[in-house]
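What the coordinates show
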Amino acid sequence: PTSAKGGRGAGFEVNLGSQTYSQGGVEWNLEVEYCGDGGPLRYSVTALSSEDDSWLRLNSTGGCLEKSGSADDLTLFLSTERIGVFCSYLWIDNLANPMDRKTVRVSMQVVSTHRRPQGFSGEGSEWFSVTAEEGMNQQSQPTRAEAAARLPPVELGQIFY
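One structure accompanies this document, and this report is about it. (Residues numbered from 1 in each chain as written. Predicted model: local features only at pLDDT ≥ 70, side-chain atom pairs only at ≥ 80, totals over all residues. Heavy atoms only, no water.)

1. What about the overall build of the protein chain?
Check the secondary structure of the protein chain and you find one helix and nine strands. For the protein chain, the N- to C-terminal ordering of α and β elements is β-β-β-β-β-β-β-β-β-α. Burial statistics for the protein chain: of 161 residues in total, 25% are counted as buried. Long-range pairs, those at least 24 residues apart, make up 63% of the contacts in the protein chain between residues at least 6 apart in sequence. Accessible area for the protein chain stands at about 11,500 Å²; split by element, carbon and sulfur atoms hold 49% of it. (Helix = DSSP H or I, 4+ residues; strand = E, 2+ residues; numbered from the N terminus. Buried < 20%, exposed > 50% of the residue type's maximum accessible area, 1.4 Å probe, protein only. Contact = heavy atoms within 4.5 Å. Areas by Shrake-Rupley, 256 points an atom, 1.4 Å probe, with all protein chains shown as cover.)

In structure tokens:
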């Protein structure tokens, strides 16, 4: 499920929900519309963090709308090549009025539907590891050093995929 919401004077949100891990990504289109009157409107679009470049790209970082009612399409490209939860904010600034800034929250979760995602070799990286301890029911008590060095047991009911 994907959603977008917002309105005049409000923050805006684009929530792409759960997306399946794959090569490539998904696109989402936004429309920047000139709702005022007067001369042309120049605007810029900025991602809040440069770290977002790894999963979020824009087709344009700004534009100029000549008259009221004119609009530009802004396309977001969101990469689904990494599993995880992603969230960022975009600022759309009116360059003639620094007090006119719109904020757009963009979020998605990339999930796998396979034990090993297609195209993922897994070489050189582990998804997680589990350490199992033998003799959990033995009567002997470990020394303090052994107890401190021992990893906590993992119950299979605590592992979710």
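2. Side note on the environment of Leu56
In this structure, Leu56 sits in strand β5 (residues 56-58). Owing to a relative accessible area of 5%, Leu56 belongs among the buried residues under this scheme. A sequence separation of 50 residues divides Leu56 from Val106, and the C-alpha atoms of the two residues are 9.1 Å apart. Those residues in contact with Leu56 that sit more than four places away from it in its chain are Leu76, Phe77, Leu78, Ser88 and Leu90.

3. Regarding the sheet that holds β5
The strand order across the open sheet built from three strands is β3-β7-β5, with neighbouring strands paired in antiparallel fashion. The open sheet terminates on both sides in strands that have one partner only, identified here as β3 (25-33) and β5. Here the average twist between neighbouring strands, direction ignored, is 25°. Alignment of β5 against strand β7 (residues 71-79), held across three bridges, turns out to be antiparallel. Its bridge partner being in β7, Leu56 is matched across the sheet by Leu78. (Pairing = 2+ DSSP bridges. Axes fitted to C-alpha atoms, helices over the stretch in contact; angles between N-to-C directions.)

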